[in-house]
Every structure is written in structure tokens, then in C-alpha cells.
Amino acid sequence: MSRIPNVKGDIPLLKRAYSKNVAMGERAVASDFEMTIKGYEDLTVLVRTAQLPEISRGDPVEDFGLYGQGFQQYGAVKRDGDITVNIVELKTGLVQDTLFEIIEKKEYVTIEMVLVGEGQKRRGWQLEDCILKADPGELDTSNRVGTVQIPVTIHYNWCERL
């Protein structure tokens, strides 16, 4: 018997929590995604990590009523934002060549982020009028098993559900 008051196991509570969790169904797996830059579909297989776009509204709208009672409500929908991705470079230099081409030409690209997987309906986001920025990549003489990855910041000006 425990010497701490009001302590007891609650197995039925744990069983209910477990059953509720299982009832939600199979989870989306973080690796089950595709990121495609329209016109540059070859890069899709080289994307290693990515972020989902932000879902939010702008700053809350604040108001005050009688006796200084405050109230905040949702602001305007926010459809722009930034995400980061890591793209693996090839020995041919395809990734850097493509990034240089997009950035030097001031090309605004359309990107699709889609969750896909076994038994999973394709769903995702279309990011429009994107500006790309290639951040510094890491080179390491002591890393003989890792790939060269280029971090890319994507600023999207409009985000739409697919």
C-alpha cells in the first residue's frame, strides 16, 4: 500500500485512453510526402525534409467594451509564410544549378506539398508565387556516410489546399 495519500492505479482510465487512440486509425508517417516544384519535377526525389505550411490568421483584432472588458477575435486569414526544406545534391550539381537558375532569373515558382502513402488519400497544399533562397550547406571532411544537403527557405505568397 502506498504511503502517498490519494494514489491508486486506474487501469480502466488507461484502457479507455488506449482504445480512443487506436480508434483514430493509422497515423500519417512523416516520410510519406512529396514536394514538387512545377517545371522542376526531377528535384522531387531529392527532397529529404520539409515543413508543412502555416495555418493561421493574422494578428487578433482587439476591442474593448463597457467597463474596459476586452475581447479578441480572429484577424484576416494569413496565406503567406516561410517553410524550409533540405534537398540532397547530386554529383552532377543538378540542385545548385537549378536553384541558381530560379534565383538568378527571379522566377516565382509554384510548389505542391502532398501527403501520400499506403492507403492514404492524396492531400496537401499548393504554394504559389514562391521565392526561393538557398541557405549555406554543410560540407564536412569527417562525414564519409552523409550526403550533401542544401537547406532552402521557401517564401510562399499564397497557400491553397489541394
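Since we're looking at a predicted model, the values are computed, not measured.

Student: Explanation requested: the overall build of the protein chain in the structure shown.
Tutor: Along the protein chain, the regular secondary structure elements total two helices and eleven strands. Counting from the amino terminus, the protein chain carries its helices and strands in the arrangement α-β-β-β-β-β-β-β-α-β-β-β-β. Reported as C-alpha extents along the three principal axes, the dimensions of the protein chain are approximately 65 × 55 × 35 Å. Within the protein chain, buried positions represent 24% of all 162 residues. A separation of at least 24 residues holds for 61% of the contacts in the protein chain among residues at least 6 apart in sequence. For the protein chain, the computed accessible surface area is about 12,400 Å², with 54% contributed by carbon and sulfur atoms. Of note, the protein chain has its 20 positive side-chain charges centred 11 Å away from the centre of its 25 negative side-chain charges.

Student: Sorry if this is basic, but what is going on with helix 2 (residues 94–104) here?
Tutor: Helical geometry note: an α-helix holds 3.6 residues per turn, so side chains three or four residues apart project in the same direction. When helix 2 is considered as a whole, its buried residues turn out to be V95, T98, L99 and I102. End-on, the buried residues of helix 2 take up no more than an arc of 100°, which puts them together on one face. Those residues of helix 2 hidden inside the fold are in contact with strand 7 (81–88), strand 8 (109–117), strand 9 (120–134) and strand 10 (149–156). Positive phi appears at K106, one or two residues downstream of helix 2, with a value of about 55°.

Student: Quick question: what am I supposed to make of the pattern of salt bridges here?
Tutor: When their charged atoms lie close together, side chains carrying opposite charge are able to pair. Overall, the coordinates contain six salt bridges when judged by the stated rule. For R79, the salt bridge goes to E160, with nearest N and O atoms at 3.6 Å. Highlighted residues: R79 in the loop between strand 6 (77–78) and strand 7 and E160 in strand 11 (residues 158–161), separated in sequence by 81 residues. For R79, a relative accessible area of 27% gives the class partly exposed. Overall, E160 belongs to the partly exposed group, its relative accessible area being 34%. Here K133 makes a salt bridge to D135, at a shortest N to O gap of 3.2 Å.

Student: Quick question: what am I supposed to make of helix 1 (residues 11–23) here?
Tutor: Here helix 1 contains 13 residues, and its C-alpha end-to-end distance of 18 Å stays within 8% of the 18 Å for a straight helix at 1.5 Å per residue. Of all the 13 residues making up helix 1, zero are buried; the element is thus mostly uncovered. G25 occupies a position one or two residues after helix 1 and carries a positive phi of about 100°.

Student: Help me understand the side chain of D135, please; the structure alone is not making it clear to me.
Tutor: You can see D135 is positioned in the loop between strand 9 and strand 10. Within the local environment of D135, its side chain forms a polar contact with the side chain of T153, the two groups lying 2.7 Å apart. Sequence-distant contacts of D135, that is, excluding residues within four places in its chain, are made with I150, P151, V152 and T153.

Student: Just checking my understanding: could you explain the packing of aromatic side chains for this structure?
Tutor: To describe a pair of aromatic rings, you give the distance between the ring centres and the angle between the ring planes. A complete count under the given rule lists zero aromatic pairs for this structure. Its end group placed over the ring of Y74, R57 keeps NZ or CZ at 5.9 Å from the ring centre.

Student: Mind showing me how you'd approach the nonpolar core here?
Tutor: Most often, soluble globular proteins keep nonpolar side chains buried together rather than apart. Judged by nonpolar contacts, the single largest core of 24 residues is most densely connected at I111, L127, L132 and I154. Elements represented by at least two residues in this core include exactly strand 1 (33–37), strand 7, helix 2, strand 8, strand 9 and strand 10. With residues near it in sequence (within four places) discarded, L127 still touches P53, I83, V109, T110, I111, M113, Y156, W158 and C159.

What counts, and at which threshold
Residues numbered from 1 in each chain as written. Predicted model: local features only at pLDDT ≥ 70, side-chain atom pairs only at ≥ 80, totals over all residues. Heavy atoms only, no water. Helix = DSSP H or I, 4+ residues; strand = E, 2+ residues; numbered from the N terminus. Buried < 20%, exposed > 50% of the residue type's maximum accessible area, 1.4 Å probe, protein only. Contact = heavy atoms within 4.5 Å. Areas by Shrake-Rupley, 256 points an atom, 1.4 Å probe, with all protein chains shown as cover. Lys, Arg positive; Asp, Glu negative; His and termini not counted. Charge placed at Lys NZ, Arg CZ, Asp CG, Glu CD. Arc of directions from axis to C-beta. Salt bridge = Lys/Arg side-chain N within 4 Å of Asp/Glu carboxyl O. Expected span 1.5 Å × (residues − 1). Polar contact = N/O pair within 3.5 Å; in protein donor to acceptor, adjacent residues only side chain to side chain. Phe/Tyr/Trp six-rings, centres within 6.5 Å; stacked < 30°, edge-to-face > 60°. Lys NZ or Arg CZ within 6 Å of the ring centre and 35° of its normal. Core = buried A, V, L, I, M, F, W, Y, C linked by side-chain atoms within 4.5 Å.

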